[in-house]
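Inside the fold
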Amino acid sequence: MPDAAQILIERFTRRDACVGVVGLGYVGLPLVRALHDAGFRVIGYDVDDAKIEQLRRGEAYLKHLGDALPKELAASDRFTPTSSPEDLSACDAICLCVPTPLGSHQEPDLSYVEDSTRMVGSVLKAGALVVLESTSYPGTTREVCLPLLESGNRRCGRDFFLAFSPEREDPGRRGFETRTIPRLVGGIDEPSGKVAHALYSAAVEQAVLLDSAETAEAAKLLENIYRAVNIALVNELKPVLADMGIDIWKVIKAAATKPFGFQAFYPGPGLGGHCIPIDPYYLTHKAREYGHATRFIELAGEINSRMPLAVVDRVAHALNQDAKPVKGSRVLVVGIAYKPDVDDVRETPAAEIIRLLLERGAIVSYHDPHIARFPDMRRYQFDLASSPLDQAHVDAADCVLIVTNHSDLDYALLAARAKLIVDTRDAMARVTPGQARVVKA
Ligand SMILES: NC(=O)c1ccc[n+]([C@@H]2O[C@H](COP(=O)([O-])OP(=O)(O)OC[C@H]3O[C@@H](n4cnc5c(N)ncnc54)[C@H](O)[C@@H]3O)[C@@H](O)[C@H]2O)c1
């Protein structure tokens, strides 16, 4: 093993090192917390000056992480937020946590990975480690990042180290945090793998060293494809069972009593978030290079992306039973975040549902305790602000449509006062039935 690798491993093990985190979003900021808590000096870099200013002032911009974290970081002499690339030249390791979205034709958009890798290459200290954490297809670290870092005579495994370590963060999930979620690590070469493994072993409870960056990249995609496919399966079965008079949520609960061979996934209004609707297509793209089709991924995408339309059809059908057309009916959408208890609307199915309802002439309002205004999105712009979830608003609605089952909503009020509830999450199962007619969608 090169001396430089051994030196880094010893420094990481002693937590006597400075680690840079590039991209301080849903993944980067929790990583900062894990590294800082472990005792490292941490430099947090982002191109978004607003985030850097908020971190300097100790203000929270990701509510689910709590108010204490930014305050603690702002008061710490081991944390520096910055938007100056030169500050990263002090780092012994730099982790890239930048977005990996899809382009307009569902193709991977690696521009954030390329830009940030180029920037890191321009300031990288000799002998330092670079780790890509952003989700991408197998080969990204070697084929995209490596050439950008190996400029001039600088060589990986000798002058710097390069690895992939996928982030498995699940914002809003209780009981897990960066430190307690096992980490996969795969290097571009053996020294890189060992150096990266030493870094994460010092910051999280369990780091698993794999044989290559590609295995780590593929493992992350398998995890998310597995979710997308299984969610599509229950989404497909939902109307089939409903037409047989069977409640799919009861069926899943029953099947989940089997202690092996079955894992529960739940139907819903469609996929959301920065991961599950997007990541599988990264593999689809790469598979084409090898002449393969990824039919499960395509089929799951097709089924899951049809869900908003299925939900709106259900609303139309339920209103029809009350002798009301969609046009002119007041629909109160409850929950617009893509999943419970977060303020994240990226790829939220609520956007397409609201667009379809507006297109059909419904008068749409929404309530979400985590999102005061519906933010402008690439494909959707609504001039909507969250209404209170009180008696007057519930009484006024012809239909309450539950899209996201946040835990701190007054479901008892909905049961007691709403005329009609279309429930995409089986959220009303938790309260005693009231006057509301509940239709599962
Ligand atoms: N959100 C999740 O739950 C989650 C979970 C696992 C993995 N991931 C993956 O992690 C990666 C990051 O996702 P995220 O949810 O944290 O995204 P995010 O949008 O919340 O954060 C990304 C941050 O990167 C910054 N950024 C953009 N370009 C930059 C650049 N050139 N240099 C420095 N900073 C830059 C943005 O300003 C933003 O603050 C993605 O690949 C995603 O697929 C996300």
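Residues numbered from 1 in each chain as written. Predicted model: local features only at pLDDT ≥ 70, side-chain atom pairs only at ≥ 80, totals over all residues. Heavy atoms only, no water.

1. Structural notes on unusual backbone geometry
For residues besides glycine, phi is generally negative; the peptide bonds are generally trans as well. Phi angles above zero are rare outside glycine, and Ala-323 is one such case at about 60 degrees. Relative to the assigned elements, Ala-323 resides in the loop between helix 11 (295–321) and strand 9 (330–334). Note on Ala-323: relative accessible area 68%, which makes it exposed. Phi angles above zero are rare outside glycine, and Asp-426 is one such case at about 55 degrees. (Helix = DSSP H or I, 4+ residues; strand = E, 2+ residues; numbered from the N terminus. Buried < 20%, exposed > 50% of the residue type's maximum accessible area, 1.4 Å probe, protein only.)

2. Some points on the sheet that holds strand 6 (residues 161–164)
Pairing between the strands of a sheet is mediated by backbone hydrogen bonds and can be parallel or antiparallel. Here eight strands make up an open sheet; going across it, the order is 3-2-1-4-5-6-7-8 and the pairing mixed. The sheet is open, and its two edges are formed by strand 3 (79–82) and strand 8 (207–209), each paired on a single side. Geometrically, the sheet is characterised by an average inter-axis angle of 25 degrees between neighbouring strands, direction not taken into account. Note: strand 1 (residues 18–22) against strand 4 (residues 93–96), four bridges, orientation parallel. Bridge pairing in strand 4 places Gly-20 opposite Ile-94. In the packing of helix 3 (residues 49–57) onto the sheet, the strands contacted are strand 2 (41–45) and strand 3, and the crossing angle to strand 3 comes to about 150 degrees. (Pairing = 2+ DSSP bridges. Axes fitted to C-alpha atoms, helices over the stretch in contact; angles between N-to-C directions. Contact = heavy atoms within 4.5 Å.)

3. A word on the sheet that holds strand 10 (residues 363–367)
Spatial strand order, 10-9-11-12-13: five strands in an open sheet with parallel pairing. Strands with a single pairing partner mark the edges of an open sheet, and in this sheet they are strand 10 and strand 13 (437–440). Across the sheet, the mean angle separating the axes of adjacent strands is 20 degrees when strand polarity is ignored. Taken together, the four bridges between strand 9 and strand 11 (residues 399–402) define a ladder with parallel strand orientation. Within strand 11, the position partnered with Val-331 by the bridge is Cys-399.

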